[in-house]
Amino acid sequence: ASMRPLIVCIHGCLGSSREFQPFQRKLQEHGYDSVCLPLLGHPGNTQGKRFHEVSSAAIIEDLHQQLLSLGSQPVILVGHSLGGALSLGLTPQII
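Note that the coordinates shown come from a computational prediction; the quantities given were computed from them, not determined experimentally.

A. Inspection of the packing of aromatic side chains at higher detail. For the structure shown, the criterion picks out 1 aromatic pair. Judged by centre distance (6.3 Å) and plane angle (55 degrees), the ring pair of phenylalanine 20 and phenylalanine 23 falls under tilted. Note on phenylalanine 20: relative accessible area 8%, which makes it buried. A relative accessible area of 35% means that phenylalanine 23 is categorised as partly exposed. Above the ring of tyrosine 32, the side-chain terminus of arginine 4 is found at 4.2 Å from the ring centroid.

Cut-off values and rules
- Residues numbered from 1 in each chain as written.
- Predicted model: local features only at pLDDT ≥ 70, side-chain atom pairs only at ≥ 80, totals over all residues.
- Heavy atoms only, no water.
- Phe/Tyr/Trp six-rings, centres within 6.5 Å; stacked < 30°, edge-to-face > 60°.
- Buried < 20%, exposed > 50% of the residue type's maximum accessible area, 1.4 Å probe, protein only.
- Lys NZ or Arg CZ within 6 Å of the ring centre and 35° of its normal.

See below:
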């Protein structure tokens, strides 16, 4: 039996995880689980850093660690604005 991938949403620089809530509801209606990862330096991220104090590489590494904590299931990355660029940077670490 095939396992549906987890849809992982990554918001943009000026956004937050809340932006994806309507999208996540639609995904759930169609049987997909999803999660929105908070960016390093943004509300919801527990690392205690401020966004202007971190590099893109540090954000990508933090996202990678968050993904690892979710388990080993397949994922589909969905990014908005900066989240799209970060998704591209994250891809080589997860394939």
